Amino acid sequence: MSTDVKTLWDDAFQLILEENLYESQINTWFRPIQPIAIRDDALILGVSREFVLNHLKKNNNNYKNLIRRVVKEAGGRDLDIQFVLTADGEGRAMPAENAAESLSHLNPKYTFDSFVVGQSNQFAHAASLAVAENPIEAHANPLFIYGGVGLGKTHLMHAIGHFMHRNDPNKRILYVTSEQFTNEFIASIQTNRNEEFRRKYRSQDLLLIDDIQFIADKESTMDEFFHTFNELHARDKQIVLTSDKPPKDIQKLEQRLISRFAWGLVVDIQAPDLETRIAILRNKAESDGFDVPDEVINYIATHVKSNIRELEGALSRVTAYSKLTTGVITEETAATVLKDIYENNRPVAITVERIKDVVCEKYQLTVEQMDSKKRSRPLAYPRQIAMYLTRELTDMSLPKIGQEFGGRDHSTVIHACDKIKDDMEKDTNLYVTIESLKETIKGN
Ligand SMILES: Nc1ncnc2c1ncn2[C@@H]1O[C@H](COP(=O)(O)OP(=O)(O)OP(=O)(O)O)[C@@H](O)[C@H]1O
């Protein structure tokens, strides 16, 4: 599709908004319209539902004339208006993404059952569950969850996906980070497959977009997302978004998106209180099959306060260290392991550049090689180590880390971190190597 037809339609649509129509008329009949092409003297417009197509074609409501009039006003040219159906009769766009593929983006561990509810996340949890149980009744479209790093936003989002899938495996569910959305959108323009991109995103029953704040300075992505949002919303399809801040505080986010985000329900997640931290650690120890004494749990919960990812990381470190040394987990071992990291002497300026330099030096690579697209093991493994260290030693979010390592996506970073953690538990040499890399990075 050329940008001309898109611009023409966008301008015409603005004029439609100025007409004396009800919001429901606009949402039902006009928002779903996608501009397709200008051919000869006709503007071809697509809709994905047959009943919308039939309605627009009917003469008695004058919609076609209205469109013709505003198109002429916007483009200065009288064009015939033709409508085409862009999807099958069910309103499902083609090509169909199959449900199993969508679900593969969801972490199987992130369910409502494994989510510990405490004061800090009670409301976000309740809202997420209500949306998962019955999206229409929940009146929370979009559901917007915000909060600091590592507090469980992604976990809740995936839990909604799992729950809906269990209730109805035919539901089309898609989870992406806003980075993935942006990259796919750009690639679709470059390869002339913008229509396919739209069909994919606009045909979901549940669209989950993580870290939406990252689209804020990208104008055309915001515009595309705006239309995706409108189309899904008009068809009562549920949208769930997460961010590190509430909509109004996201700098450079367009006003029209800020106001749409507020149409639904905005909920926050706070840092967990001590009781919740203890409960999370107990759960984690149990699910990992470790018998961790209460005093050790309490010790970690008292010292690691800021976020749940660090809390889990601290527990893994303590259990791994104990396994490698005495075999018994005691408060003393916990104190030894956590001392340098959590007792106020955490180094302040650990940057991703510093981490890359140290890891590259150890494995005799250049930073370009580390950031390259190549996936051979001699490059991929040090890259995974560096991603893991960035996750451990900085507050960077997963999408940001992916971006720093050659524009990789969030799921690649998760995979890298999980792999290195697993390997460290099995391989004492690797554990020691990584501990010493950390020391070097921290300048000790
Ligand atoms: N209430 C909770 N109960 C159990 N585990 C939790 C809870 N909250 C978070 N976690 C765990 O903490 C880790 C970090 O959570 P998650 O990735 O959802 O954070 P986030 O808020 O999306 O962070 P980011 O902004 O960095 O993406 C995950 O392993 C998650 O399972």
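The structure this text deals with has already been given above.
Residues numbered from 1 in each chain as written. Predicted model: local features only at pLDDT ≥ 70, side-chain atom pairs only at ≥ 80, totals over all residues. Heavy atoms only, no water.

Chemist: Now, about the sheet that holds strand S3 (residues 80-85): what can you tell me, with residues and values included?
Modeler: Spatially, the three strands line up as an open sheet ordered S1-S2-S3, and their pairing is mixed. Both outer strands of the open sheet, strand S1 (34-39) and S3, are each paired with one neighbouring strand and no more. This sheet shows a mean twist of 25° between the axes of neighbouring strands, independent of strand direction. Each of strand S2 (42-47) and S3 is contacted by helix H3 (residues 50-57), which is oriented at about 160° to S3, the strand it contacts most. (Pairing = 2+ DSSP bridges. Helix = DSSP H or I, 4+ residues; strand = E, 2+ residues; numbered from the N terminus. Axes fitted to C-alpha atoms, helices over the stretch in contact; angles between N-to-C directions. Contact = heavy atoms within 4.5 Å.)

Chemist: Describe the site of the ligand, and please don't skip the residues or the numbers.
Modeler: Taken together, 18 residues are adjacent to the ligand, and Val116, Gly150, Lys153, Thr154 and His155 come closest. Take Asn121: an N or O atom from its side chain is 3.3 Å from a nitrogen atom of the ligand. Here Gly152 contributes a backbone N or O atom positioned 3.1 Å from an oxygen atom of the ligand. Elements with a minimum of two residues in the shell around the ligand: helix H8 (153-167) and helix H15 (308-324). (Near = heavy atom within 4 Å. Polar contact = N/O pair within 3.5 Å; in protein donor to acceptor, adjacent residues only side chain to side chain.)

Chemist: Which residues make up the pattern of salt bridges, and what are the values?
Modeler: Scanning all chains against the criterion turns up 26 salt bridges. Here Asp223 and Lys6 are joined by a salt bridge, their closest N and O atoms 2.7 Å apart. With Asp223 in helix H11 (residues 219-234) and Lys6 in helix H1 (residues 3-18), the pair connects residues that are 217 residues apart, well separated along the chain. By the burial criterion, Asp223 is buried, and Lys6 matches it. The salt bridge partner of Arg282 is Asp294, with a shortest N-O separation of 3.4 Å. In this pair, Arg282 is assigned in helix H13 (residues 274-287) and Asp294 in helix H14 (residues 294-303), connecting sequence segments 12 residues apart. (Salt bridge = Lys/Arg side-chain N within 4 Å of Asp/Glu carboxyl O. Buried < 20%, exposed > 50% of the residue type's maximum accessible area, 1.4 Å probe, protein only.)

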